[in-house]
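A structural walkthrough
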Amino acid sequence: MQTHQAITVGLVIFLARHALADVVYVAAGAAGAGSGSSWNDAFTNLESALSTTPAGSELWVHAGVYGPCTLRTNTVVYGGFTGAETQRNARDWRAYPTLINGAGSRAVAFAAGATLDGFVITNTSGQGGAVLFDRVSGTLQNCRVVGHAGGDAVALVSTGGNSGAQTVVRNCEFTDGSGGSAVFYYGRTNIYTGPHPVTIDRCTFSRNHSTERGGAISTDHAGHWLRIENSVFIHNTADLSGGALYAGYSQFGPGTPVGVYNCTFYSNASPAGKAVCVSFEEARVDVQNCIVWGATNDQLRTQNSTPVLRVGYSDLEGGFASTFPRHGTITDLGGLLDGDPQFADADGADDVIGTADDDLRLTAGSPCIETGLAEVAPDHDRDGLVRPQGTRVDIGAYEFAGGPLPTGAVIQVR
Ligand SMILES: [Ca+2]
Ligand SMILES: [Ca+2]
């Protein structure tokens, strides 16, 4: 056994010293040659590393603080390393944060096919000021966007163009944004003919505030599929409409609604549609397998012109009677509940709603357990647990696994 351990330790040291072929290293504190060939010789500047390495490179970025950057086509950039890892999956991006400081402006601009994974994005402002997808598709995952001010933090502008590629925002947290929405999706498809689906999966939106519409997410011209799933919306607010989600025009894509599946909305607020507001002609939103809780009226609203909101297999406080079709139509697809979802601890140990200790997982006896609709459910939940646990999918972002998750539970990142 001791011999085996010694061999293992020796192998790890060997790999760490000799670095991985094809990986470009970036470490703010490196004092070597700056070639990017190892942690010792790492680039110290992220933007310099990106601009001098070929498109399609894989970059590993050491914990530390970096400046704004522009990604390159098909380049994948991972943060959260301590320098000891020999495999990407060995890093802990939350414990060893790699920060991109936007210096009061934009932090990250995407290029087609790029991936940004394992970063904390701070000190940003302006439209798309945290992350901008400007007519390109890419993957943003395992990131935290904190305290964006003014404009929409992440802007997805006609992503995909004509490529048909999909943009994915996965396992990200958006906290304490102000001004615009945490994520804004603009999908005007009369400019770009190909489909450009966007999936927002396993994200948490907390305490974001918009001075207009959609504290967490807003859409405009969402002409093709926008799928929002396994996500938690807690204590987001908007001054005009849609405390968590506002869906505007989708005039170029009737029949291709914004789908909101297995999400949990709690304690969101706005003068028009506390959780969700759908507005203007051909705007269509489906809300299924969702918990919408924290107020007894006007959590789901249709606002102007002839929008359609359909809701089914969801736990809606106040029931269907609490919805507010000011103009347009709200349809009951069946399977609606109005029972206390019995969250584990909705405001957490600090008794403050919207902070990191909040726990919206289900507890035994929740009416949301085993009452969801399989046809629209994702195959996993907010924690990455396979759905269904038990014999039927649950309602909300979390599948009930029979008890609290064990400490250090493995989170699946697909
Ligand atoms: Ca709390
Ligand atoms: Ca279940």
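To start, this report covers the structure provided alongside it. (Residues numbered from 1 in each chain as written. Chains lettered and ligands numbered in written order. Predicted model: local features only at pLDDT ≥ 70, side-chain atom pairs only at ≥ 80, totals over all residues.)

1. Focus: the nonpolar core
Judged by nonpolar contacts, the single largest core of 104 residues is most densely connected at Val 26, Val 108, Ile 121, Val 154, Val 183 and Phe 265. Residues in contact with Phe 265, not counting those within four places in the same chain, are Phe 233, Ala 244, Ala 275, Cys 290, Ile 291, Val 292 and Trp 293. (Core = buried A, V, L, I, M, F, W, Y, C linked by C-beta atoms within 7 Å. Buried ≥ 20, exposed ≤ 12 C-beta atoms within 10 Å, placed from the backbone. Contact = placed C-beta atoms within 7 Å.)

2. Quick notes on the environment of Arg 170
Its location among the elements puts Arg 170 in strand E14 (residues 167-170). Separated by 33 residues in sequence, Arg 170 and Cys 203 have C-alpha atoms that sit 6.1 Å apart. Those residues in contact with Arg 170 that sit more than four places away from it in its chain are Gln 141, Asp 201 and Arg 202. (Helix = DSSP H or I, 4+ residues; strand = E, 2+ residues; numbered from the N terminus.)

3. Examining the pairing of strand E17 (residues 183-186)
Both strand E13 (residues 154-157) and E17 contribute to a ladder of 4 bridges, which runs parallel. Paired with Val 154 across the strands is Val 183, a residue of E17. Pairing of E17 with strand E21 (residues 217-220) involves 4 bridges; the strand directions are parallel. Looking at E21, one finds that Tyr 186 is bridged to Asp 220. (Pairing = 2+ DSSP bridges.)

4. Remarks on the pairing of strand E32 (residues 308-312)
Burial analysis of E32 places 4 of its 5 residues in the buried class, the great majority of the element. Alignment of strand E29 (residues 284-288) against E32, held across 5 bridges, turns out to be parallel. Across the sheet, the residue bridging to Gln 288 is Gly 312, located in E32. Relative to strand E35 (residues 329-334), E32 is paired through 5 bridges, and the arrangement is parallel. Its bridge partner lying in E35, Val 308 is registered against Thr 329.

5. Concerning the sheet that holds strand E20 (residues 209-210)
Spatial ordering of the open sheet is given by E16-E20-E24, a layout of 3 strands whose pairing is parallel. Of all the strands in the sheet, the pair left with one neighbour each is strand E16 (178-179) and strand E24 (237-238). In the sheet, E16 pairs with E20 via 2 bridges, with the strands oriented parallel. From the neighbouring strand, Gly 179 faces E20, where its bridge partner is Ser 210.

6. A look at the environment of Val 386
Among the structural elements, Val 386 can be located in the segment after strand E37 (359-362). Using a count of 11 C-beta atoms within 10 Å as the deciding quantity, one classes Val 386 as exposed. Taking C-alpha positions, Val 386 is 8.1 Å from Glu 399, a pair spaced 13 residues apart along the chain. Residues within four places of Val 386 in sequence aside, it is in contact with Asp 379 and His 380.

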